[in-house]
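As a plain string of letters, each chain reads:
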Amino acid sequence: QHRSFLALESEVWKDLTDSGHFCDSVDPLTGCATHTRLGQRYSEARGAEDILRYPTVFDGAPGGDPCPVVDHPRFGTACYPATIFT
């Protein structure tokens, strides 16, 4: 799904920047800005929890760090938020 997001994001970014608008996104895999190398890592799951009030659960590989996962009211944990901003 990461490739699907990046393909969509690339199209939106190109259209907007070609029109003279600022556009960037958060890479859901790294939490870093896709085009701008400033700022801090951003947790999409934490953002969905804080802004949208979706609950999160913690999942992770045995022995690894727990990872926050969004528990969407309709899609459960079978989704991941992503942000494109202008």
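Residues numbered from 1 in each chain as written. Predicted model: local features only at pLDDT ≥ 70, side-chain atom pairs only at ≥ 80, totals over all residues. Heavy atoms only, no water.

Go over unusual backbone geometry with me, naming the residues and quoting the values.
Positive phi outside glycine occurs at Arg 53, with the angle close to 65°. For Arg 53, the position within the fold is in the loop between α2 (44-51) and β2 (56-59). (Helix = DSSP H or I, 4+ residues; strand = E, 2+ residues; numbered from the N terminus.)

Would you mind going over the environment of Leu 6 in detail, with residue names and values included?
Mapped onto the elements, Leu 6 comes out in helix α1 (residues 2-18). Expressed as a C-alpha distance, the spacing of Leu 6 and Val 26, which sit 20 residues apart in the sequence, is 10 Å.

Explain α2 residue by residue, including any values.
The complete set of buried residues in α2 reads Glu 44, Ala 45, Gly 47 and Ala 48. One side of α2 carries all its buried residues, which in axial view fall inside an arc of 160°. Contacts from the buried residues of α2 go to β2 and β3 (67-70). (Buried < 20%, exposed > 50% of the residue type's maximum accessible area, 1.4 Å probe, protein only. Arc of directions from axis to C-beta. Contact = heavy atoms within 4.5 Å.)

Describe the pattern of salt bridges, and please don't skip the residues or the numbers.
For the coordinates displayed, the defined rule picks out two salt bridges. The salt bridge involving Lys 14 is made with Asp 18; its shortest N-O contact spans 2.6 Å. Here the residue Lys 14 and the residue Asp 18 both occupy positions in helix α1, the gap between them amounting to four residues, near one helical turn. Given a relative accessible area of 46%, Lys 14 falls into the partly exposed group. (Salt bridge = Lys/Arg side-chain N within 4 Å of Asp/Glu carboxyl O.)

A description of the side chain of Asp 27 should follow, citing residues and the corresponding values.
Here Asp 27 lies in the loop between β1 (24-25) and α2. Although buried, Asp 27 forms no salt bridge, and the nearest oppositely charged side chain, Arg 37, lies 7.0 Å from it. (Lys, Arg positive; Asp, Glu negative; His and termini not counted.)

I'd like a rundown of the packing of aromatic side chains, residues and numbers included.
According to the stated counting rule, one finds one aromatic pair in the structure shown. Ring geometry for Phe 22 and Phe 85: centres 6.3 Å apart, planes at 40°, overall tilted. With Phe 22 in the loop between α1 and β1 and Phe 85 in strand β4 (residues 84-85), the pair connects residues that are 63 residues apart, well separated along the chain. (Phe/Tyr/Trp six-rings, centres within 6.5 Å; stacked < 30°, edge-to-face > 60°.)

All we've got here are geometric facts, nothing functional implied.
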